[in-house]
Amino acid sequence: MRKFLVVLDDSRECLNAMRFAAMRARKTGGGVEILSIIPPEEFQHWVGVGDIMRQEARERIEAHYEVFAKWMRDRQGIDPELVIREGELVTEIMSQVTADPEVGVLVLGAGTDKGGPGPLVTQMARASGTLPIPVTIVPGDLSKERLEAIT
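A brief structural summary. Predicted model, so just to flag it, every value in this text is computed and none were measured. (Residues numbered from 1 in each chain as written. Predicted model: local features only at pLDDT ≥ 70, side-chain atom pairs only at ≥ 80, totals over all residues. Heavy atoms only, no water.)

## Focus on the packing of helix H3 (residues 89–99) against helix H4 (residues 119–127)
Thought 1: Taken N-terminus to C-terminus, the directions of H3 and H4 make an angle of 55°; their axes are 10 Å apart at the nearest point. The pairing of H3 with H4 is recorded here as oblique in orientation. Like other packed secondary-structure pairs, H3 and H4 cross with a definite hand, here right-handed. Between H3 and H4, the contacting residues are Leu-89, Val-90, Ile-93 and Met-94 on the first element and Leu-120, Gln-123, Met-124 and Ala-127 on the second. (Axes fitted to C-alpha atoms, helices over the stretch in contact; angles between N-to-C directions. Helix = DSSP H or I, 4+ residues; strand = E, 2+ residues; numbered from the N terminus. Parallel < 35°, antiparallel > 145°, perpendicular 65-115°, else oblique. Left-handed = near helix turned anticlockwise from the far one by under 90°. Contact = heavy atoms within 4.5 Å.)

The following block contains the structure:
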């Protein structure tokens, strides 16, 4: 089974990337893997405080994931899988792609701000030449109807 890997973060463009991945997975018989990365600088405190912060970050991620997972299950018939990693964003994305041979496409959402497509798309564009899979960049301002039409 081919999986679409989507990065879960707090950006608005993440929503369209999730929608696109779920719709493509449904239409192609694939799956969706949702990756959330906890940056290491969040835990540069005393050990006990860092452990508590790490657990709270995981709980926030799981709650955020459940919103997308419910939509995917109810509307698309897709049961996504959540992967949480800790480290630098690009490094962890590359590691996940390497670790899971079923991942066939990385799906990213592009921001609509004047500042460009967003830091994740910009960083992954630089690293895309070394990725063993294609990257799909979904415009953040596409309507649901347009997404359905192109998937």
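Past the structure itself, the notes keep going.
## Considerations on the sheet that holds strand S2 (residues 31–38)
Thought 1: Pairing is parallel across the open sheet formed by five strands, whose spatial order is S3-S2-S1-S4-S5. In this open sheet, the two edge strands, each paired with only one partner strand, are strand S3 (81–86) and strand S5 (135–139). With strand direction ignored, the average angle separating the axes of adjacent strands in the sheet is 30°.
Thought 2: Bridge count between strand S4 (residues 103–110) and S5: five bridges; the pairing is parallel. Note on S5: the bridge partner recorded for Ala-110 is Pro-139.
Thought 3: The strands touched by H3 are strand S1 (3–7), S2, S3 and S4; relative to S2, the strand with the most contacts, the crossing angle is about 145°.
Thought 4: This element, H4, spans S1, S4 and S5 of the sheet and lies at about 135° to S4. (Pairing = 2+ DSSP bridges.)

## Quick notes on the nonpolar core
Thought 1: Val-6, Leu-8, Met-18, Val-32, Ile-34, Met-72 and Val-107 are the most contacted members of the largest nonpolar core, which has 27 residues in total.
Thought 2: Contributing elements (two or more residues each) for this core: S1, helix H1 (13–28), S2, helix H2 (47–76) and S4.
Thought 3: Those residues in contact with Ile-34, other than ones at most four positions away along the chain, are Val-6, Leu-8, Met-18, Tyr-65, Phe-68, Met-72, Pro-80, Glu-81, Leu-82 and Val-83.
Thought 4: Counting residues in hydrophobic clusters, the runner-up holds 18 residues, among them Ile-37, Met-94, Leu-108 and Leu-131. (Core = buried A, V, L, I, M, F, W, Y, C linked by side-chain atoms within 4.5 Å. Buried < 20%, exposed > 50% of the residue type's maximum accessible area, 1.4 Å probe, protein only.)

Note that all results are geometric; they support no functional claim without further evidence.
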